[in-house]
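# Understanding the architecture of this molecule
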Amino acid sequence: MKMDWSKYIDRTINITMNENYGVVYGSKEDEQPTFYEIVFKTGKLIESNEEGLVIEAVREGQSFLIYVPYISIKCAEIF
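First, a word on scope: everything that follows refers to the structure included in this document.

Reading the values: rules and limits
Residues numbered from 1 in each chain as written. Predicted model: local features only at pLDDT ≥ 70, side-chain atom pairs only at ≥ 80, totals over all residues. Heavy atoms only, no water. Phe/Tyr/Trp six-rings, centres within 6.5 Å; stacked < 30°, edge-to-face > 60°. Helix = DSSP H or I, 4+ residues; strand = E, 2+ residues; numbered from the N terminus. Buried < 20%, exposed > 50% of the residue type's maximum accessible area, 1.4 Å probe, protein only. Lys NZ or Arg CZ within 6 Å of the ring centre and 35° of its normal. Pairing = 2+ DSSP bridges.

## Topic: the packing of aromatic side chains
For the structure on display, the rule yields 1 aromatic pair. Measuring from centroid to centroid gives 6.4 Å for Trp5 and Tyr70, while their planes differ by 20 degrees, and the two rings are stacked. Here the residue Trp5 occupies a position in the segment before β1 (12-17), and Tyr70 occupies one in the loop between β6 (62-69) and β7 (73-78), the gap between them amounting to 65 residues. Here Trp5 falls in the buried class, since its relative accessible area comes to 9%. For Tyr70, a relative accessible area of 27% translates into the label partly exposed. A cation over an aromatic ring shows up here: Arg59 above the ring of Phe64, its NZ or CZ 5.3 Å from the ring centre.

## Here we look at the pairing of β6
Note on strand geometry: in a regular strand, side chains alternate between the two faces of the sheet. Relative to β6, strand β5 (residues 52-59) is paired through 8 bridges, and the arrangement is antiparallel. When the bridges of β6 are listed, Ile55 appears paired with Ile66. In this antiparallel pair of consecutive strands, β5 and β6, the connection spans 2 residues, and Glu60 shows a positive phi of 50 degrees.

Right, here's the structure in full:
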């Protein structure tokens, strides 16, 4: 099913992801990286295209653009 995401530009969106993993590196050189499951993405919907969505998230006072392919989206809540 196709959805017209352009109606929701500049709205807050919570995305529940399909299984996806990230990595966090320790602060010391000899520490092993920690893998974790990324379950949610939250931010303001900035753009949509044929392949996915671009959302803007703010963490620790910095703004990040995050690209989320449609194939990775399990569920989306729009506020």
